Amino acid sequence: QVQLVESGGGLVQPGGSLKLSCAASESISRIPVAGWYRQAPGKQRELVARITNGGNTVYADSVKGRFTILRDNAKNTVYLQMNSLKPEDTAVYYCLVLTPVAYWGQGTQVTVSS
């Protein structure tokens, strides 16, 4: 069973940046897919970005050009670099890995507000 621990969330002003980290309890080098999802109050959880072990990426239209997903297999960590943050990016962000069994992290709160 893979355990995931997210970090890096917080309060940031509109236009600011945050970098989320997702540390896995074991090697992720052979994990086919890793990704980030988010859930805002009253809304369904949605895909933000995902990355394969070959480096192929998919982004939600709402974050294209602003967010970047990275995976460092040597550190067993997946990152989400978030730039030009908007109030509508406010949500709890969850890390996911597919082994293909799905494992989720506990979530980290991101709040974008002035």
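This text follows the structure it describes.
Residues numbered from 1 in each chain as written. Predicted model: local features only at pLDDT ≥ 70, side-chain atom pairs only at ≥ 80, totals over all residues. Heavy atoms only, no water.

Visitor: Report on the pattern of salt bridges, specifying residues and quantitative values.
Guide: In total, this model carries 4 salt bridges according to the counting rule given. In this structure, Glu-46 and Arg-38 form a salt bridge, with 2.8 Å as the shortest nitrogen-oxygen distance. Given the relative accessible area of 37%, Glu-46 is considered partly exposed. A salt bridge links Asp-61 to Lys-64; the nearest nitrogen and oxygen atoms lie 3.1 Å apart. Across this residue pair, the class does not change: Asp-61 and Lys-64 are exposed. Connected via shared salt-bridge partners are Arg-38, Glu-46, Arg-66 and Asp-89. (Salt bridge = Lys/Arg side-chain N within 4 Å of Asp/Glu carboxyl O. Buried < 20%, exposed > 50% of the residue type's maximum accessible area, 1.4 Å probe, protein only.)

Visitor: I'd like a description of the nonpolar core, backed by residues and values.
Guide: Core analysis: the largest hydrophobic core is formed by 31 residues, its most contacted members being Trp-36, Leu-80, Met-82 and Tyr-93. Sorting the residues of this core by element identifies β3 (18-24), β4 (33-39), β5 (46-52), β7 (67-72), β8 (77-82), β9 (91-98) and β11 (108-112) as the ones contributing at least two each. Leave out the neighbours within four places in its chain, and Tyr-93 touches Glu-6, Leu-20, Trp-36, Tyr-37, Arg-38, Val-48, Phe-67, Leu-80, Met-82, Gly-107, Thr-108 and Val-110. (Core = buried A, V, L, I, M, F, W, Y, C linked by side-chain atoms within 4.5 Å. Helix = DSSP H or I, 4+ residues; strand = E, 2+ residues; numbered from the N terminus. Contact = heavy atoms within 4.5 Å.)

Visitor: Could you give an account of the pairing of strand β1 (residues 4-7), naming the residues involved and the relevant values?
Guide: Here β1 shows a buried face lined by Leu-4 and Glu-6 and an unburied face lined by Val-5 and Ser-7. Pairing of β1 with β3 involves 4 bridges; the strand directions are antiparallel. Following the sheet pairing, Leu-4 is matched in β3 by Ala-24. (Pairing = 2+ DSSP bridges.)

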